[in-house]
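A structural walkthrough
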Amino acid sequence: MAEPLRVLVTGAAGQIAYSLLYSVAKGDVFGPNQPIILVLLDIQPMLGVLEGVVMEMMDCALPLLKEVIPSVNEMEAFKDVDVAMLVGAMPRREGMERKDLLAANVKIFKSMGHAIDTQAKKNIKVVVVGNPANTNAYICKKYAPSINPANFTALTRLDQNRAQAQIAAKLGVSNSSVKNCVIWGNHSSTQYPDVNQAVVDLNGKTMPVREAVKDDNWLNNEFIKTVQQRGAAVIKARKLSSAMSAAKAIVDHVRDWWNGVPDGTYVSMAVPSDGSYNIEEGLIYSFPVRTKPDHTYEIVKGLTINDFSREKMDATEKELSEEKNMALSVCES
Ligand SMILES: NC(=O)C1=CN([C@@H]2O[C@H](COP(=O)(O)OP(=O)(O)OC[C@H]3O[C@@H](n4cnc5c(N)ncnc54)[C@H](O)[C@@H]3O)[C@@H](O)[C@H]2O)C=CC1
Ligand SMILES: O=C([O-])CC(=O)C(=O)O
């Protein structure tokens, strides 16, 4: 069997982690032959809850789980970590935008960037989930200058899954029949869910989603709005933000990054912009990416962008650029 991977989950006493940990520990992300050491980080007041989570992880008696290490010490927790799922942060409540969390959360990611820089494996892979996820990932990357910037990503897979599920429901097909929905930009209400590249298997034939749906008005309006506002709709209904679906999306994101996706398929990840599609270099912007079995990815280039898409891609870029400047001033104050 392979050497165990050291996987860190922050916010481990919180609600997303409670849905996430079992799935990671049973092999849904790294496969059935990869043993795991789970490091669970939270803050001191949550230590009692964290200990309960550790007991439950033990009681699952999972074959791949070699060790569970609870921690409330950031520097210790990041030591030699291979993969970090940065969930720990304050969630928003009804009536807030995710960027309203910036002042409260961004300093967490400055401090984690420093811990990553000094403690973690140099090829660590990081997914930031805590909101505002893209900008937190930007700050984390900035404060970890010894790590390849490409190793810092933020989660927009939940948005992609939401888009895919909306299309599948509209057409009455299974979720797996819909492919290549793209999320551009910020994990916020300015994100642009784009179906112009998406395809669906319908009646034994693969066809463009636009051709199958035959309702551009719905695709250009209600569909986009539903995906953009889905997090807020869940908060309104549950009085808590998405957790089960967020955990599933984290599993999808890291599994596809780790293992690669088949040729012709791409997934949305918020990654450092290399200037593709004229997006400001360095911003953590959600693009379609092709992941490869060597745990790397590349931004899918050369997609045709029409005027409608361009306007929406620019609007979400503008928001990210503003968030970046706000975050930098919080971190430098
Ligand atoms: N990117 C995405 O798609 C999504 C992001 N989120 C975000 O994920 C974050 C976590 O959400 P929930 O689990 O529902 O929240 P939660 O409040 O249930 O859990 C958060 C946990 O993080 C811990 N925490 C706070 N500061 C920490 C620190 N410095 N180090 C380690 N742990 C720390 C808290 O003590 C708490 O146990 C929120 O910011 C939420 O907005 C939620 C859903 C989807
Ligand atoms: O909406 C929120 O605050 C939680 C979240 O990011 C989501 O559900 O997409």
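None of these values were measured; they are calculated from a predicted model.

The rules behind the values
- Residues numbered from 1 in each chain as written.
- Chains lettered and ligands numbered in written order.
- Predicted model: local features only at pLDDT ≥ 70, side-chain atom pairs only at ≥ 80, totals over all residues.
- Heavy atoms only, no water.
- 1 Å grid on protein atoms, 1.4 Å probe; cavity = no way out; pocket = protein on both sides within 12 Å on 5 of 7 lines; lining within 4 Å.
- Points joined across faces, edges and corners; volume = space filled by probe spheres on them.
- Helix = DSSP H or I, 4+ residues; strand = E, 2+ residues; numbered from the N terminus.
- Nonpolar A, V, L, I, M, F, W, Y, C, P; charged D, E, K, R; others polar.
- Near = heavy atom within 4 Å.
- Polar contact = N/O pair within 3.5 Å; in protein donor to acceptor, adjacent residues only side chain to side chain.
- Sits in = over half its atoms within 2 Å of the grid points.
- Domains from an automatic or database assignment.
- Areas by Shrake-Rupley, 256 points an atom, 1.4 Å probe, with all protein chains shown as cover.
- Salt bridge = Lys/Arg side-chain N within 4 Å of Asp/Glu carboxyl O.
- Buried < 20%, exposed > 50% of the residue type's maximum accessible area, 1.4 Å probe, protein only.

1. Details of the layout of surface pockets
Unfilled space is identified by rolling a water-sized probe across the atoms. Estimates place the volume of the largest pocket at around 850 Å³. Forming the boundary of the largest pocket are 37 residues, of which Val-87, Gly-88, Ala-89, Met-90 and Pro-91 lie nearest the centre. Sorting the residues of the lining of the largest pocket by element identifies α1 (15-25), α4 (102-119), α6 (157-171) and α10 (230-238) as the ones contributing at least two each. Among the residues forming the lining of the largest pocket, the class breakdown is 19 nonpolar, 12 polar and 6 charged.

2. A look at the site of ligand 1
The environment of ligand 1 is made up of 26 residues, and the closest members are Gln-15, Asp-42, Met-90, Val-129 and Asn-131. Separating an oxygen atom of ligand 1 from a backbone N or O atom of Ala-89 is a distance of 3.5 Å. Put simply, ligand 1 lies in the largest pocket. Counting residues per element, the ones that place at least two in the shell around ligand 1 are α1 and α4. Grouping the constituent residues of the shell around ligand 1 by class yields 16 nonpolar, 9 polar and 1 charged. Counting the residues that make up the shell around ligand 1, at least three belong to each of domain 1 (5-154) and domain 2 (156-324).

3. A closer look at the site of ligand 2
Around ligand 2 sit Arg-92, Arg-98, Asn-131, Leu-158, Arg-162, His-187, Gly-231, Ile-235, Ser-241 and Ser-242, and that is every residue in its neighbourhood. Here an oxygen atom of ligand 2 sits 2.9 Å away from a polar atom, N or O, in the side chain of Arg-98. Contact distances for ligand 2 include 2.9 Å between an oxygen atom and a side-chain N or O atom of Asn-131. When the free accessible area of ligand 2 is taken as 260 Å², the share hidden by the protein chains comes to 94%. For the shell around ligand 2, the secondary structure elements donating two or more residues are α6 and α10. Within the shell around ligand 2, the residues separate by chemical class into 2 nonpolar, 5 polar and 3 charged. There are two domains that each give the shell around ligand 2 at least three residues, and those are domain 1 (5-154) and domain 2 (156-324).

4. Structural notes on the pattern of salt bridges
Side-chain pairing between opposite charges can occur once the charged atoms of the two side chains come close. Inspection of the entire model under this criterion finds 18 salt bridges. The partner of Lys-301 in a salt bridge is Asp-274, with the nearest N and O atoms 2.7 Å apart. Taken together, the positions of Lys-301 in the loop between β14 (297-299) and α12 (307-332) and Asp-274 in the loop between β12 (267-272) and β13 (284-291) put the pair 27 residues apart, joining distant regions of the chain. The exposure class of Asp-274 is partly exposed, given its relative accessible area of 40%. Salt-bridge contacts for Glu-298 lead to Arg-290; the nearest nitrogen and oxygen are separated by 3.2 Å. Judged by its relative accessible area of 35%, Glu-298 falls in the partly exposed class. Note on Arg-290: relative accessible area 29%, which makes it partly exposed.

Coordinates in, geometry out; function isn't part of it.
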